[in-house]
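Understanding the architecture of this molecule
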Amino acid sequence: MHPLASVAYGSEPPPTPKLHSQGVVAMDITEQFTHAAQQLELGQLIKDPHFTLFESVGALEIMDRKMDSGYLEPGETMDDEYDYGKPLLPEEIIGIIDQLLCHEMAWHMGYPLSQTIFTSLYIDRIMMPTPLKVEDTYFDRSESCSNDESLQLQVLRAYCLGLVKTCSFINDRVKAEHYYEDEDFVTHTYNRNLLEAIDHTLVIDFLKRTTNRLSTDNTLVPNLKEALICRLDFRTKFLSAVEIANSRTFPTQKGLWLDLLTYVPKLKSSIKLGKPVPSSFSVKIQRKLASTVPPRPIVEVSDAAAFNHLENLCRDASAVVDVLRYHDSQSLMTFVIHFQARQPQPSVYIRTLLQHYLFGDMIFLGTMSIRQILDEDFALTTLPASVLLDRDNDEIEIPTDPRFQIAARMELFRSRAAGSYLDLLRTICQNRCRIRRLLRHNIADWDSLQVDAEELDVELRTYTKEVPAVDKAISDDAIYAFPLSSWVYHFKLRQMEWIVQMGFELEIYQPDELAGMYWYLQYLSNMRSQHIERIRGFILRAHAAYRGKNAEGIGQSQAEFAKATSFLNYSALEAAATYGFANALSSLFTVLDRYSLLYTFPRPYSNAHMRYEVRMKPFVGIGLPELIPFEDLTGVVKQQNESSVDLLKFAAESVAGAKKAFEVLSKLDATEAFCQGSHDRWLKNVKDCLKACIFTGITILNLREAVEKTRKTGQVNIKIEMPKPGKGYHDWWVVPKAVKIS
């Protein structure tokens, strides 16, 4: 017998099957098969084309606990033999409720229901079979006990009903919006009904009746009674909050979430009163679920982690409601960006709520159309007081009238731009990794939109009778405004910057790549700064022309020109700060790389050119700005003709300029910074950037002193410490620490 055969079977292999057929001759091929298998390379697979997925699944090993959900140990039963009618102590009720809350938060963290809430025998009991009314959900269904339910079991049943109904609202909201199940949240209910047939008002009424019964009971110890009442009140508030959260006009949503947050300290302080009941949770329930995966263990989340997640959920839910207070299109965009940048990032439910508030039913914030948002953004960026946005154009029905043609082409552009604009907002509502990944696809769409916008700009020019600008210093040709394509280009450049900046946040780049990526960031921000100056020039020119024609009626449009100018001033200042800081860090990391002060892991399967192709892959297909070739990028980053001291001097000047820009930004109010509704978060972000600037200046100073001393000693007596993830002043600005070596 071949030695591998004994290993495979654990003892002697089974005898050759005895087949009695004239057409079949059975023989033992073990030795030949083993010899042939030894000829295969490691990882090589041979597959018969007729061996389909059906046969593959059928070949899975049975009688294995990890693969066979029906496998039973000797003496084990298929279902749990649990007595649902046995009396429970108040301490045990508290323990079960607190465990259910931990499982609920684990579900919010991304674990499936099959490993969390659905592992509760009491939850399974009230859901099977599908109940149609509250009276169908008794735990003990014997004839003698249904109408004489104990207080403890009624408390547990009321809480379980509220929990399942809460999960139903949350699950429906998440499924209605854009999310990624493999990364964020599992909405699969395994063919279980989350009490859809029972109205939530009946559940809330039952919770309140149970609370009243509990309040009038005099047999319980006061602290235990108070703890149970607190948990019932919490569940009632939670269910009410998630039900009302779907409304975009309800005025008390924020207050409900803040009230819910006040219960968390009370729950924490009374958790020690609970007594765990492990037997009330079982992994065997997974055998009854409509699932295609083998049984998995119950997810255990600590009380501290669960309450921490619950607190963040309540805070984020109360904060996201503020998006419904509309101020202007840029403040809306700023709100979404900085809300999504909160640490820790808002949960999936909160992010889907944000999507619902933004553009549920294709109505912005419940009251506005996408046209209103786009037109305001056009006016704020490139088209203040423009005839292209005049609503009266829509009333013209004569095709030969220029206003009719303007209205038709503007509506064509809005229909094309609306999808890209909505996709951008929807992208920002995803998790951080997915945001960057989707932005890579979005910029290709915005690049295509820019081409379409340029064609429409040329067509609209014939109807608006635009007078071109002439600047001999730039070109002998006439220069036109191209307002629509300029608006698109501005958004495209911002997204390209975000892609690079989020690469730092997500630790995509290795230390020796930081110099190149920060140089590319300053390149993009410089392009955006130049573009803003171009837009500003045409707006000032349009303003002067408008004042010349409408000397008396200037008041109605003065505000639009002033607001657009203010926004461009803010954008230019923000771009200048990004440009200066990125320039400084690029020079700093270039010097560090020269002196081999940056530690990098060995990468035998790549080189600098291959890594360049990977990093620049999102920008390869973009027409403008043009991609910098590898050789050119390497040259401008390394700057071989510049000494290290000169580079550090330049870095010090750049970071000083960025510091001044951030200081000016930090003094702007919410209106001037176009962050109404999120000024606190925006200001914290600016101050974090300012702190990073100051620390960078210190690092540059220390490194410069060490480099200057190398002329005497020949060695750089300094070591570099890179900040740990999430421990720096700002995730987008990786600032190394220079430590002197004595």
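In this report, the structure presented in the accompanying data block is examined. (Residues numbered from 1 in each chain as written. Predicted model: local features only at pLDDT ≥ 70, side-chain atom pairs only at ≥ 80, totals over all residues. Heavy atoms only, no water.)

1. Regarding the overall build of the protein chain
When helices and strands are tallied, the protein chain shows 22 helices and 4 strands. Its C-alpha atoms put the protein chain at 95 × 75 × 70 Å along the principal axes. For the protein chain, contacts bridging at least 24 residues in sequence account for 78% of all contacts bridging at least 6. With an accessible surface of roughly 36,700 Å², the protein chain has 54% of that area assigned to carbon and sulfur atoms. Considering the protein chain, the positive charge centre built from 81 side chains and the negative charge centre built from 95 side chains are found 6 Å apart. (Helix = DSSP H or I, 4+ residues; strand = E, 2+ residues; numbered from the N terminus. Contact = heavy atoms within 4.5 Å. Areas by Shrake-Rupley, 256 points an atom, 1.4 Å probe, with all protein chains shown as cover. Lys, Arg positive; Asp, Glu negative; His and termini not counted. Charge placed at Lys NZ, Arg CZ, Asp CG, Glu CD.)

2. Notes on empty space enclosed by the protein
Space left empty within the atom packing is revealed by a probe, the size of a water molecule, rolled over the atoms. Within the structure shown, the criterion is met by 4 cavities of 30 Å³ or more. As a volume, the largest cavity reaches approximately 60 Å³. Forming the walls of the largest cavity are Asp322, Val323, Arg325, Tyr326, His327, Asp328, Ser331, Leu332, Phe335, Gln676 and Gly677. The residue makeup of the lining of the largest cavity, split by class, is 4 nonpolar, 4 polar and 3 charged. (1 Å grid on protein atoms, 1.4 Å probe; cavity = no way out; pocket = protein on both sides within 12 Å on 5 of 7 lines; lining within 4 Å. Points joined across faces, edges and corners; volume = space filled by probe spheres on them. Nonpolar A, V, L, I, M, F, W, Y, C, P; charged D, E, K, R; others polar.)

3. Observations concerning a nonpolar patch on the surface
A cluster of nonpolar side chains, Val25, Met27, Ile29 and Phe33, forms an exposed patch at the surface whose accessible area comes to about 490 Å². Relative accessible area serves as the criterion here: at 47%, Ile29 is assigned to the partly exposed category. (Patch = residues over 30% accessible without salt bridge, like charges linked within 9 Å, V, L, I, M, F, W, Y side chains within 5 Å. Salt bridge = Lys/Arg side-chain N within 4 Å of Asp/Glu carboxyl O. Buried < 20%, exposed > 50% of the residue type's maximum accessible area, 1.4 Å probe, protein only.)

4. Structural notes on the packing of aromatic side chains
Any aromatic ring pair is given by two values, namely how distant the centres are and how the planes are angled relative to each other. Taken as a whole and assessed by the stated rule, the structure comprises 34 aromatic pairs. Ring geometry for Tyr82 against Tyr84: centres 5.3 Å apart, planes inclined by 70 degrees, an arrangement best described as edge-to-face. Here Tyr82 and Tyr84 have matching classes, each one buried. On the numbers, 5.4 Å between centres and 25 degrees between planes, the contact of Trp446 with Phe491 is stacked. Separated by 45 residues along the polypeptide, Trp446 in helix α15 (residues 432-464) and Phe491 in helix α16 (residues 483-505) bring together distant segments of the chain. Every member of this aromatic cluster is reached through a ring pair, and the members are Phe504, Tyr509, Tyr518, Phe581, Phe589, Phe662 and Trp733. The ring of Tyr263 carries Lys266 above its face, with NZ or CZ at 5.1 Å from the centroid. (Phe/Tyr/Trp six-rings, centres within 6.5 Å; stacked < 30°, edge-to-face > 60°. Lys NZ or Arg CZ within 6 Å of the ring centre and 35° of its normal.)

5. Remarks on helix α7 (residues 200-216)
For α7, spanning 17 residues, the distance from its first C-alpha to its last is 25 Å, which sits close to the expected 24 Å at 1.5 Å a residue. Buried within α7 we find His200, Val203, Ile204, Phe206, Leu207, Thr210, Thr211 and Leu214. The buried residues of α7 all sit within an arc of 160 degrees when viewed along its axis, so they share a single face. In this fold, the buried residues of α7 make contact with α6 (151-176) and α8 (222-244). (Expected span 1.5 Å × (residues − 1). Arc of directions from axis to C-beta.)

6. Quick look at the pattern of salt bridges
For the structure shown, the criterion picks out 36 salt bridges. Linking Lys563 and Glu376 is a salt bridge whose minimum nitrogen-to-oxygen distance equals 3.9 Å. Residue Lys563 is located in helix α18 (residues 555-594), and its partner Glu376 is located in helix α13 (residues 370-381); the two are separated by 187 residues in the primary sequence. A residue is classified by how much of its surface remains accessible, and Glu376, at 23% relative accessible area, is partly exposed. Between Glu513 and Arg615 there is a salt bridge, with the nearest N and O atoms lying 2.9 Å from each other. Remark: Arg615 occurs in helix α19 (residues 608-615) and Glu513 occurs in the loop between α16 and α17 (514-549); sequence separation between them is 102 residues. The buried category is assigned to Glu513, whose relative accessible area is 9%. For Arg615, a relative accessible area of 18% corresponds to the buried category. One network of salt bridges, in which partners are shared, links Arg371, Asp375, Asp394, Glu411 and Arg414.

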